[in-house]
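# Results of the structural survey
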Amino acid sequence: MKIIAVEDAVGMTLWQDMTQIIPKEKKGPCFRKGHVITKEDVAILLNMGKAHIYVGEKQVGMIHEEEAAQYLFQMCNSEHLVPSEIKEGKIEAIAEKQGVLTVDQKRLEIVNATGKTMIATKPNFYSLEKGEVAAGMRIIPLVMEENKLKDLKQHIGKRPLLQLHPFTFKKIGIITTGSEVYYKRIKDGFEPVLRKKITPFPAEIIATKIVDDQLEMIEQAIKEMKNKGCDIILCTGGMSVDADDRTPTAIQNTSEQFICYGTPVLPGSMFALSYLDNGATVMGLPGAVMFSARTVFDLILPRVMADIKLSFTDIASLGCGGLL
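Predicted model, so just to flag it, every value in this text is computed and none were measured. Within any chain, residue numbers begin from 1 and follow the written order of that chain's sequence. This being a predicted model, a pLDDT of at least 70 is required before a residue's local features are given, and a value of 80 or more before pairs of side-chain atoms are given or counted; all residues contribute to the totals for chains, interfaces and linings. With hydrogens and water set aside, each side-chain value is computed from the structure's full complement of heavy atoms.

## Considerations on the packing of aromatic side chains
The relation between two aromatic rings is expressed through the spacing of the ring centres and the mutual angle of the planes. Note the cut-off: For Phe, Tyr and Trp, rings pair up if their centres lie within 6.5 Å, where Trp contributes its six-membered ring, and each pair is then called stacked (planes under 30 degrees apart), edge-to-face (over 60) or tilted (otherwise). Think of it this way: any DSSP run of H or I at least four residues long counts as a helix, any run of E at least two long counts as a strand, and we number them from the N terminus. Here's how the labels work: a residue is buried when its accessible area is under 20% of the maximum for its type, exposed when over 50%, partly exposed in between, all with a 1.4 Å probe on protein chains only. Should the NZ of a Lys or the CZ of an Arg lie within 6 Å of a ring centre and within 35 degrees of the ring normal, that charge is described as sitting over the ring.
This model, assessed by the stated rule, comprises 2 aromatic pairs. Their ring planes at 75° and their centres at 5.1 Å tell us that Phe167 and Phe201 sit as a pair that is edge-to-face. Of this pair, Phe167 sits in the loop between strand E13 (162–166) and strand E14 (170–177) while Phe201 sits in the loop between helix H6 (190–198) and strand E15 (203–211), and the two are 34 residues apart along the sequence. For Phe167, a relative accessible area of 11% corresponds to the buried category. Between Arg303 and the ring centre of Phe125, over which it is positioned, the NZ or CZ distance is 3.6 Å. Sitting over the face of the ring of Tyr275, Lys309 holds its NZ or CZ atom 4.7 Å from the ring centroid.

## Details of the nonpolar core
Put simply, the rule is: Among the buried residues, those of types Ala, Val, Leu, Ile, Met, Phe, Trp, Tyr and Cys that are joined through side-chain atoms within 4.5 Å form a nonpolar core. Contacts were defined at the residue level, with two residues in contact if any of their heavy atoms lie within 4.5 Å.
Core analysis: the largest hydrophobic core is formed by 32 residues, its most contacted members being Leu194, Leu234, Leu273, Met283, Leu285 and Ile300. Put simply, the parts of the chain that give this core at least two residues each are E14, H6, strand E16 (232–236), strand E17 (257–261), strand E18 (272–275), strand E19 (281–285) and helix H10 (296–305). Looking at this core, the element that brings in the most residues is H10, giving 7 residues. Not counting residues within four places of it along the chain, the set of residues in contact with Leu285 comprises Phe190, Leu194, Leu234, Cys235, Thr236, Gly237, Met239, Phe271 and Phe297.

## As for the state of the cysteines
So the rule is basically this: Cysteine sulfur atoms are paired as a disulfide whenever they come within 2.5 Å of each other.
Across all of its chains, the model carries 0 disulfides by this definition. With no disulfide partner, Cys320 has as its closest neighbouring cysteine sulfur the one in Cys260, 18 Å distant.

## So, helix H1 (residues 39–47)
The following threshold applies: The reported arc concerns the directions from the helix axis to the C-beta atoms and nothing else.
Listed in full, the buried residues belonging to H1 are Asp41, Val42 and Leu45. Taken down its axis, H1 places every buried residue within 110° of arc, on the same side. Among the exposed residues of H1, those pointing more than 90 degrees away from its buried face are Glu40 and Asn47. On the buried face of H1, the contacting elements are strand E2 (18–22) and strand E3 (26–31). Trailing H1 by a residue or two, Gly49 shows a phi angle of about 85°, which is positive.

## Observations regarding the sheet that holds E15
Backbone-to-backbone hydrogen bonds pair the strands of a sheet. The strands run either parallel or antiparallel. Threshold: Only when DSSP finds a minimum of two bridges between them are two strands counted as paired. Between the N-to-C directions of two axes lies an angle of 0 to 180 degrees, each axis being a line fitted to C-alpha atoms and, for a helix, fitted only over the stretch in contact.
Here we have 6 strands laid out as an open sheet, ordered E15-E14-E16-E19-E18-E17, and mixed in their pairing. What marks the edges here is a single partner per strand, and that holds for E15 and E17. Neighbour to neighbour, the strand axes of the sheet diverge by 15° on average, direction disregarded. As defined by bridge partners, E14 adjoins E16 across 5 bridges and the pair is classed as parallel. Each residue of the ladder has a partner; that of Gly173, found in E16, is Ile233. Lying on the sheet, H6 is in contact with E14, E15, E16 and E19; it crosses E15 at an angle near 165°. Running over the sheet, helix H8 (residues 247–254) touches E14, E16, E17, E18 and E19 and is turned about 160° from E17.

## Here we look at H6
When we look at burial in H6, the residues that qualify are Phe190, Leu194, Lys197 and Ile198. Viewed end-on, H6 has its buried residues packed into an arc of 95°, placing them on one side of the element. The inward-facing, buried residues of H6 abut E14, E15, E16, E19, helix H9 (288–291) and H10.

By themselves these figures say nothing about function.
The following block contains the structure:
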């Protein structure tokens, strides 16, 4: 490649997209790679601050930014992610479905540590809408040694850096615990909140039940929800450390795999999670879920909807960023 003044470039072919920035109006390619420069283009390029352009021919062993972007996309490419059009040397990974994005952060750091390649993603366990951008990637220079990209791809391995886990339809049961609600001293305020939080997901509430603060009643209600075919059972109330709070014990007693009671997340630290012997997920929801816009429930529910099973280590990792 060589650099020449735009006034001398009429009739030559652009090697890259030329970005035009108009404050508060536009940022994007004004001229695309492959465009043949005309006399009329010279003034536009000068107004864009482009006094010089690159010209030249492809060299053996070197790869252009657009081809390099495709290399990087292949490192991320997995089911339910599709590539965007390449613009200004950048390509994006787009979600084909609604779901949860997982990112192999350690291997991603290897890509971003070269100084010449970059991949920027949405956060790990981010809930993506259909058509939303999961990641953007490009090389930093205009051209790069192809062998270095091949070596990087081999070092990264065949497993994609990104995975999109689509939400799957779930049948949900809600158990409201509390003598004050059971004896109709007050009206249940939890169920309307949960219905609103569940609305964005492919789910249906198929059963609800109100029980007293009695261990046997709560355990029996969980078993009933299981027998009705609920994939998710939400237990509200009785999640603190007061004398009448027996919901965590009931969840533990009925579970095949009890994951946690307590999380490093605020609001919502008094949260419980377990799995029944048929694979159904049981969550004990503290009162914060009813009053706060965002709690631990909003972190866990998308993963459950995407069939991502959580361990205690996963729960412990929520502390970083857990102050919601």
